[in-house]
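Working through the structure, step by step
Residues per chain, in single letters:
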Amino acid sequence: MGKKQTSAKTTGHINAQPRFHQRAREIQAYGTVNHALPLELEEPVRMEMTEQLNQLLADTMTLRDLYKKSHWQVAGPTFYQLHLLFDKHYNEQVELVDSLAERIQLLGGVSVAMAGDVAETTQIERPPRGREEVPVQLSRLLDAHQIIIGETRKLARRASAIGDDGTNDLVVSDVLRTNELQVWFLSEHLVYVPLVQAQDPSGTTSAA
């Protein structure tokens, strides 16, 4: 008769068998701050900053995904240029998402993460599932940037006022400047200019 098998849980011995389907209570609730690192920032400051950073994070994650949607669905004569530009901007927003989430965790908070939670939090208008024309894609992206730039400026001023210089530096040096530059690149695609022949001020066109 073979020996009766016992689990590592009952014996206390290490066992190479993976333990699947584990569940437990949360170790920290969303909307709270804990582990007070020696940052010289009081809990009310960290609470306020993590709340505002999570709003900015949710909007940045939405803009990131809007860039990827535009990258996949863009069409027309400018397909190649915009296909590459949208993906470049997407990758830059990915870096901002990570920096914002890490700042929230550093301050003792819990960063918003899942798509459903982001959708409930973001201030950016949800686009349709289908493909839209290039001017509409660009306008949606610019509208999203405008929301993020507005809240970034407010957050930077507030962070400076209450002594959170780290958050102020992050949102000004990284978030604000990246979004401002991306706005410039997008906006230039909405300028209506002739492609191959300039308009004469007199209203006539020169013969070839």
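Residues numbered from 1 in each chain as written. Predicted model: local features only at pLDDT ≥ 70, side-chain atom pairs only at ≥ 80, totals over all residues. Heavy atoms only, no water.

In the Ramachandran plot, histidine 21 falls in the positive-phi region, its phi being about 55 degrees despite a non-glycine side chain. Position of histidine 21 among the secondary structure elements: in the loop between helix H1 (8–11) and helix H2 (43–73). Located in the positive-phi region is glutamate 40, a residue other than glycine, with phi close to 60 degrees. Assessed through its relative accessible area of 77%, glutamate 40 is described here as exposed. (Helix = DSSP H or I, 4+ residues; strand = E, 2+ residues; numbered from the N terminus. Buried < 20%, exposed > 50% of the residue type's maximum accessible area, 1.4 Å probe, protein only.)

Further remarks concern the pattern of salt bridges. Per the stated rule, a full pass over the model turns up 8 salt bridges. Through salt bridges with shared partners, one network takes in Glu125, Glu132 and Arg140. (Salt bridge = Lys/Arg side-chain N within 4 Å of Asp/Glu carboxyl O.)

The geometry of H2 relative to helix H3 (residues 79–106) is characterised by a closest axis approach of 8 Å and an angle of 160 degrees between their N-to-C directions. In terms of orientation, H2 and H3 fall into the roughly antiparallel class. Along this stretch, H2 crosses H3, giving a crossing that reads as left-handed. (Axes fitted to C-alpha atoms, helices over the stretch in contact; angles between N-to-C directions. Parallel < 35°, antiparallel > 145°, perpendicular 65-115°, else oblique. Left-handed = near helix turned anticlockwise from the far one by under 90°.)

Bringing helix H6 (residues 165–187) into the picture now. With 23 residues, H6 should reach 33 Å at 1.5 Å per residue; the first-to-last C-alpha distance of 31 Å fits that figure. At valine 171, H6 is deflected by roughly 30 degrees, the largest bend along its length. Within H6, the full set of buried residues consists of Thr167, Leu170, Val171, Val175, Leu176, Asn179, Gln182 and Leu186. Turning to H6, the residues buried within the fold contact H2, H3 and helix H5 (134–161). (Expected span 1.5 Å × (residues − 1). Bend = angle between axes of the 7 residues up to and from the residue. Contact = heavy atoms within 4.5 Å.)

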